[in-house]
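In case you want the letters, here they are:
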Amino acid sequence: MTIAVFPGSFDPLTNGHLDLITRASRMFDQLVVAVGQNTSKRGVFTAEERVAFIRQSVGDLPNVDVRIETGLTVAFMQSIHATVLVRGLRNSADFEYEQGIAGMNRHLAPEIDTVCLMADAQYQFVSSSLLKEVTKFGGDLTALVPVPVAEALQQRLGSDD
Ligand code: ADP
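This is a predicted model, so every value here is computed, not measured.

Caption draft 1: Focus on the environment of Asp-113. With respect to the helices, strands and loops of the structure, Asp-113 is situated in strand β5 (residues 113-118). Residues in contact with Asp-113, not counting those within four places in the same chain, are Thr-83, Val-84, Leu-85 and Arg-106. At 3.2 Å, the side chain of Asp-113 and the side chain of Arg-106 are in polar contact.

In structure tokens, the structure reads:
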């Protein structure tokens, strides 16, 4: 039984993240989405809100679990016997970034492998940070995030409040 972990900030969840969660859930017996906080990014939503957005969207994926995890990802993975760390690649900047993290994680926990999935072409330009910027200036994001996320983004950052 292979347990995989998909860690990230998910601030907030996008359809790009959701596509990756769906695909990874088909590849591994169990997938744990670990919601953390990237220390170099300022969060708009609390960890609990970010978890709720994901839970609302993965109801039809029985082997997906969502939880808050703020410690070292590989230590958390070891504690639940997870052996695959899933991340997404949209472009070469992601690759550079992920390569460094994967190298460090492999140093810390050689039994854990990082598996990177290529972003689907339709979501290659989708990032949580960009969506937050676009919301501030009134752009329409309905095709890029689940409905509850679009509503929450509008409420929190929208130009008309
Ligand atoms: P982090 O702050 O840990 O990078 P993010 O929530 O920004 O957290 O991203 C989590 C993971 O999801 C990263 O591996 C990122 O590359 C991937 N990802 C983000 N957006 C997309 C997307 N549109 N398509 C595929 N993967 C994505």
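Now that the structure has been shown, we can carry on.
Caption draft 2: Focus on the packing of helix α2 (residues 47-57) against helix α6 (residues 147-157). The interhelical angle for the contact between α2 and α6, taken along N-to-C directions, is 150°, at an axis separation of 10 Å. As the angle between them shows, α2 and α6 are arranged roughly antiparallel. Here Glu-49, Phe-53 and Gln-56 of α2 lie close against α6, whose contacting residues are Pro-148, Val-149, Ala-152 and Arg-156.

Caption draft 3: Structural view of the pattern of salt bridges. All chains considered together, the criterion is met by nine salt bridges. Linking Arg-50 and Asp-11 is a salt bridge whose minimum nitrogen-to-oxygen distance equals 3.8 Å. Residue Arg-50 is located in helix α2, and its partner Asp-11 is located in the loop between β1 (3-8) and α1 (15-27); the two are separated by 39 residues in the primary sequence. According to the relative accessible area criterion, Asp-11 is buried, its value standing at 4%. Via salt bridges that share partners, Asp-11, Arg-50 and Lys-132 belong to a single interconnected network.

Conventions and cut-offs
- Residues numbered from 1 in each chain as written.
- Predicted model: local features only at pLDDT ≥ 70, side-chain atom pairs only at ≥ 80, totals over all residues.
- Heavy atoms only, no water.
- Helix = DSSP H or I, 4+ residues; strand = E, 2+ residues; numbered from the N terminus.
- Contact = heavy atoms within 4.5 Å.
- Polar contact = N/O pair within 3.5 Å; in protein donor to acceptor, adjacent residues only side chain to side chain.
- Axes fitted to C-alpha atoms, helices over the stretch in contact; angles between N-to-C directions.
- Parallel < 35°, antiparallel > 145°, perpendicular 65-115°, else oblique.
- Salt bridge = Lys/Arg side-chain N within 4 Å of Asp/Glu carboxyl O.
- Buried < 20%, exposed > 50% of the residue type's maximum accessible area, 1.4 Å probe, protein only.

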